[in-house]
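Observations on chain architecture
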Amino acid sequence: GLADDLLASYSIGAVPTSPPVPSRAAALYAQQCAACHGSAGRGDGPKAKSLDPKPANYTDARMAVRLSPARVAATIRFGVSGTAMVPFPQLSDDDRYALSFYVLSLRHMDVAPDPAGPAYGLAYLASHTDESLARDLEAAGVAKERLPAVLSDLRRRAPYEDRGSGSSLTIARGKVERAKTALAAGDRKSARALLIDAYLEGIEPAEPAIRAGDNALAVMIEEHYGALRAGLEAS
């Protein structure tokens, strides 16, 4: 709730409104970021030596846990107190998201993209870290050896294309698989949260199309999810 209030109060776009243009994203990074963060995002730009603390190294593996494009976009908007990362309020939401998607692509530049993995919509890619995406890909059946290449595709190519159609059911399946894993480990709280996410992020976006094609199926899915949640809460 607090996050929603802040987004509304400061007129921040919680998700990008349209896919960014790759050439625009690269140009913005070269103009606004490379002097400190370096052309490859390693925190080794020409200004980096004079800065304390040093600029972030976006290719560091720890960034897989910490950063989502939405978090990067917010950092670009507000800056980071006590560092040389100043706010860029002059940039539009679209430009901030173009930059943020580009920044998240930098750690994957050495891996050839594999476009054969599950499709995820722009809003989902914006709000999730690499670590979270990797968990969902594994739950959706992507083999571990393919994860780097599929992640590379999701960070380097997918944000610039319209891949949203049909993807939310893949998200739902991944969340349900993770809920089953949590339940098997005795973590009912996490299992319940994952089921809620599966419905909100996976089923609800597809529900109008499902109802239009088969209203009884939509009702059955809703009843099944309700029963699963009730069972977890009652036990």
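Definitions and limits used
Residues numbered from 1 in each chain as written. Predicted model: local features only at pLDDT ≥ 70, side-chain atom pairs only at ≥ 80, totals over all residues. Heavy atoms only, no water. Helix = DSSP H or I, 4+ residues; strand = E, 2+ residues; numbered from the N terminus. Rg over C-alpha atoms; globule rule 2.2 N^0.38 Å. Buried < 20%, exposed > 50% of the residue type's maximum accessible area, 1.4 Å probe, protein only. Contact = heavy atoms within 4.5 Å. Areas by Shrake-Rupley, 256 points an atom, 1.4 Å probe, with all protein chains shown as cover. Lys, Arg positive; Asp, Glu negative; His and termini not counted. Charge placed at Lys NZ, Arg CZ, Asp CG, Glu CD. Core = buried A, V, L, I, M, F, W, Y, C linked by side-chain atoms within 4.5 Å. Axes fitted to C-alpha atoms, helices over the stretch in contact; angles between N-to-C directions. Parallel < 35°, antiparallel > 145°, perpendicular 65-115°, else oblique.

A word on the overall build of the protein chain
Of the regular secondary structure elements, the protein chain holds 13 helices and zero strands. Each helix and strand of the protein chain, placed in order from N terminus to C terminus, yields the pattern α-α-α-α-α-α-α-α-α-α-α-α-α. The C-alpha atoms of the protein chain give a radius of gyration of 19 Å, which matches the 18 Å a tight globule of 235 residues would have. Here the protein chain holds 235 residues, and 42% of them are scored as buried. Counting contacts in the protein chain only where the partners sit at least 6 residues apart, residues at least 24 apart contribute 64% of the total. Looking at the protein chain as shown, the accessible area adds up to about 12300 Å², and 56% of this sits on carbon and sulfur atoms. On the protein chain, the mean spot of the 27 positive side-chain charges and the mean spot of the 28 negative ones are 6 Å from each other.

With respect to the nonpolar core
If you look at the biggest cluster of nonpolar residues, it comprises 37 residues, and the most contacted ones within it are Tyr 29, Leu 99, Phe 101, Tyr 120, Leu 125, Leu 137 and Leu 154. The set of elements that each furnish at least two residues to this core consists of helix H2 (22-32), helix H5 (69-78), helix H6 (93-105), helix H7 (122-127), helix H8 (130-139) and helix H9 (147-156). Per-element tally for this core: the top contributor is H6, with seven residues. Listed in part, the 15 residues of the second largest apolar core include Ala 182, Ala 198, Ile 203 and Leu 232.

Observations regarding the packing of helix H10 (residues 168-184) against helix H11 (residues 188-203)
Here H10 crosses H11 at 175°, and the two axes come no closer than 8 Å. By the angle between their axes, H10 is roughly antiparallel relative to H11. The residues of H11 that touch H10, namely those facing Ser 168, Leu 169, Ile 171, Ala 172, Lys 175, Val 176, Arg 178, Ala 179, Ala 182 and Leu 183, are Arg 188, Ser 190, Ala 191, Leu 194, Leu 195, Asp 197, Ala 198, Glu 201, Gly 202 and Ile 203.

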